[in-house]
Amino acid sequence: MADYTQAETGGTLQRPEGLRGIAADLSSDQRAFKNVSWGKAMMWIFLLSDTFVFGCFLLAYMTARMSTPVDWPNPSEVFALHIGGQELPLILIAIMTFVLISSSGTMAMAVNFGYRRERGRTAALMLLTAVLGATFVGMQAFEWTKLISEGVRPWENPWGAAQFGSSFFMITGFHGTHVTFGVIFLLIVARKVWRGDFDTQRRGFFTSRKGDYEIVEIMGLYWHFVDLVWVFIFAFFYLW
Amino acid sequence: MAQAQTHSGQQHPVKLYLLVWGLLFVLSTFSYLVDYFAIQGYARWFLILFFMVLKAGLIVAVFMHMAWERLALVYAILVPPVLVLVFVAMMVSESNYTIFTRLTFSSVGL
């Protein structure tokens, strides 16, 4: 697994791993993160910025919840559903979680088949990921509709602290927007894979550049991030 | 393997992804059960955060291939979010102060 680099003399040098590798990467007076492509590094940096945005939202919610003397609504009851004459706590959110995790699983497999140049399977798995993502957004729309009909607003709710409404709509809304954009991009990339753009070196309609199968992995990074954020929302908003 | 690596990027057995997928399902179920059985207090906090960290770790390490990236990238991405914990500590202290002033000086519930 050793990584090699071209030396000035034309020979190859072994690139150091571990902490020495970090020092070598960052001090080599060239671009950092040696064998990481620009596309991947930029997606990671975008995701880091997104982490801070979501981090600030969750922090704002945490601060609002901790600083209000009014009772916070119990999410376990708020998001319960009547199924078969039984009140199941938080069941809708649990199902949404399983749907999103499954979409992450299919996406990871799509990346794998992409690198194996199995166009059909890659496109099909990406399509399945998009369908699961759309299902998630659909369930969220149902959840919003239910809460709005029960009287939840960004400035009030029937069960206590008004900040519940603003936190809920802001956090789940921003996450849902991410999922929606993810679904759109999944469909675009799936189409490119299906058509064989990365085999025929067809140029992209927007950038006029030739893509390659790495775009599936980069797309996957975004998608897994959306799932990752949900893990935190699930823990801090719904289970707290 | 080395040759395949240069041409095909992150290539790992599908079995590994299926395993992680299964583990994420199990961990989510445990998270849900914490709520279902209405576990409260410190036990609830510990369990929620424990399952959350495990899930997040699995997603980042395996699904996002962080476990196989160059260490320079791993540190550049993972260290900054850890610093958010400082922000969390500041906001906890701030909200404790806010609720204290509200309870002490405000007669109407805010």
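- The name given to chain B in an unreviewed UniProt entry is Cytochrome-c oxidase subunit 4 protein, with Rhizobium etli 8C-3 as the source organism.
- According to the UniProt record, the Subcellular location (unreviewed entry) comment for chain B reads "Cell membrane".

- Named according to an unreviewed UniProt entry, chain A is Cytochrome bo(3) ubiquinol oxidase subunit 3 originating from Rhizobium azibense.
- Its UniProt record gives chain A a comment under Sequence similarities (unreviewed entry), which states: "Belongs to the cytochrome c oxidase subunit 3 family."
- The UniProt entry for chain A carries the following text under Subunit (unreviewed entry): "Heterooctamer of two A chains, two B chains, two C chains and two D chains."

A word on the domain arrangement of chain B
Residues and elements named next belong to chain B.
Next, step 1: For chain B, the assigned domains are domain 1 (14-66) and domain 2 (68-109).
Next, step 2: Each of domain 1 and domain 2 has a C-alpha centre, and these two points are 22 Å apart.
Next, step 3: Counting residues at the interface gives six residues for domain 1 and six residues for domain 2.
Next, step 4: Counting each side, the surface lost to burial between domain 1 and domain 2 is near 490 Å², with a carbon and sulfur contribution of 76%.
Next, step 5: At the boundary of domain 1 with domain 2, the tally comes to zero salt bridges.
Next, step 6: At the boundary of domain 1 and domain 2, one finds four residue pairs in polar contact (both at pLDDT 80 or more).
Next, step 7: A total of three residues in the side of domain 1 that touches domain 2 trace back to one element, the largest contributor, which is helix α3 (residues 41-63).
Next, step 8: Each residue belonging to the side of domain 1 that touches domain 2 can be placed in one class, and the counts come to five nonpolar, one polar and no charged.

Describing the UniProt feature "transmembrane region" (unreviewed entry) in chain A
All names here are of chain A.
Next, step 1: If you check UniProt for "transmembrane region" (unreviewed entry), the listed places come out as residues 41-64, 90-111, 123-142, 162-194 and 215-239 in our numbering.
Next, step 2: Across residues 41-64, helical content stands at 100% and strand content at 0%; the span's end C-alpha atoms are separated by 35 Å.
Next, step 3: Across residues 123-142, the secondary structure splits into 100% helix and 0% strand, with the terminal C-alpha atoms separated by 28 Å.

Thoughts on the pattern of salt bridges
All names here are of chain A.
Next, step 1: One pass over the full model with this rule turns up eight salt bridges over all chains.
Next, step 2: Note that R119 is salt-bridged to D199, the shortest N-O span being 3.6 Å. You can see R119 sitting in helix α5 (residues 119-149) and its partner D199 sitting in helix α7 (residues 197-200), a full 80 residues away along the chain.

Points about the UniProt feature "domain: Heme-copper oxidase subunit III family profile" (unreviewed entry) in chain A
Next, step 1: Taking the numbering used here, the UniProt-annotated feature "domain: Heme-copper oxidase subunit III family profile" (unreviewed entry) corresponds to residues 43-240 of chain A.
Next, step 2: Helix makes up 75% of residues 43-240 of chain A and strand 3%, and the two end C-alpha atoms of the span are 31 Å apart.

Regarding the packing of helix α4 (residues 91-115) of chain A against α5 of chain A
All names here are of chain A.
Next, step 1: Relative orientation of the contacting elements α4 and α5 amounts to 160°, with a least axis distance of 8 Å. Here α4 lies roughly antiparallel to α5, going by the angle between them. When the axes of α4 and α5 are compared, the crossing they make is left-handed.
Next, step 2: Within the contact of α4 with α5, the residues separate by chemical class into 17 nonpolar, eight polar and two charged.

Observations regarding the UniProt feature "transmembrane region" (unreviewed entry) in chain B
Residues and elements named next belong to chain B.
Next, step 1: Under the local residue numbering, the UniProt record ascribes the feature "transmembrane region" (unreviewed entry) to residues 16-38, 45-66 and 72-92.
Next, step 2: Between the first and last C-alpha atoms of residues 45-66 the distance is 27 Å; the span itself is 86% helix and 0% strand.
Next, step 3: With 100% helix and 0% strand, the stretch residues 72-92 has end C-alpha atoms that lie 32 Å from each other.

Details of the packing of helix α2 (residues 14-36) of chain B against α3 of chain B
Residue and element names in this part refer to chain B.
Next, step 1: Where α2 meets α3, the axes come as close as 10 Å, and the angle between the chain directions of the two elements is 165°. Our classification of the angle between α2 and α3 gives roughly antiparallel. Remark: the crossing between α2 and α3 carries left-handed chirality. Contacts between α2 and α3 involve L16, Y17, V20, W21, L23, L24, L27, S28, F30, S31, V34 and D35 from the former and R44, L47, I48, F51, L54, K55, L58, I59, V62 and F63 from the latter.

A word on the environment of F198 of chain A
Residues and elements named next belong to chain A.
Next, step 1: Locating F198 in the fold gives a position in helix α7.
Next, step 2: What makes F198 buried here is its relative accessible area of 8%.
Next, step 3: The sequence separation of F198 and G211 amounts to 13 residues, and the corresponding C-alpha distance is 5.7 Å.
Next, step 4: Leaving out residues up to four positions away in the same chain, F198 has contacts with K192, V193, G211, D212, Y213 and I215.

Observations regarding the confidence of the model for chain B
Residue and element names in this part refer to chain B.
Next, step 1: When the pLDDT values of chain B are averaged, the result is 87; 89% of them are 70 or greater.
Next, step 2: Summarising per-element confidence for chain B, the mean pLDDT is lowest in helix α1 (residues 2-8) (44) and highest in α3 (94).
Next, step 3: The low-confidence segment residues 1-7 (pLDDT under 50) makes four contacts with residues lying over four places distant or belonging to another chain.
Next, step 4: Among the scores for the predicted complex, ipTM is 0.89 and pTM is 0.90.

Looking at the side chain of D35 of chain B
Next, step 1: Among the structural elements, D35 of chain B can be located in helix α2.
Next, step 2: Residues within four places of D35 of chain B in sequence aside, it is in contact with S76, P89, L90 and L239 of chain A together with R44 of chain B.

A look at the packing of aromatic side chains
All names here are of chain A.
Next, step 1: In total, this model carries 31 aromatic pairs over all chains according to the counting rule given.
Next, step 2: Their ring planes at 70° and their centres at 4.8 Å tell us that F79 and Y238 sit as a pair that is edge-to-face. In this pair, F79 sits in the loop between α3 (75-78) and β3 (81-83) while Y238 sits in helix α8 (residues 214-239), placing the two residues 159 residues apart along the sequence.
Next, step 3: Classification of F79 as buried rests on a relative accessible area of 3%.

Quick notes on the rules
Residues numbered from 1 in each chain as written. Chains lettered and ligands numbered in written order. Predicted model: local features only at pLDDT ≥ 70, side-chain atom pairs only at ≥ 80, totals over all residues. Heavy atoms only, no water. UniProt positions renumbered as here; feature names shortened; annotations may be inferred. Domains from an automatic or database assignment. Contact = heavy atoms within 4.5 Å. Buried area = accessible area lost by both parts, 1.4 Å probe. Salt bridge = Lys/Arg side-chain N within 4 Å of Asp/Glu carboxyl O. Polar contact = N/O pair within 3.5 Å; in protein donor to acceptor, adjacent residues only side chain to side chain. Helix = DSSP H or I, 4+ residues; strand = E, 2+ residues; numbered from the N terminus. Nonpolar A, V, L, I, M, F, W, Y, C, P; charged D, E, K, R; others polar. Axes fitted to C-alpha atoms, helices over the stretch in contact; angles between N-to-C directions. Parallel < 35°, antiparallel > 145°, perpendicular 65-115°, else oblique. Left-handed = near helix turned anticlockwise from the far one by under 90°. Buried < 20%, exposed > 50% of the residue type's maximum accessible area, 1.4 Å probe, protein only. pLDDT = per-residue confidence, 0-100. Phe/Tyr/Trp six-rings, centres within 6.5 Å; stacked < 30°, edge-to-face > 60°.

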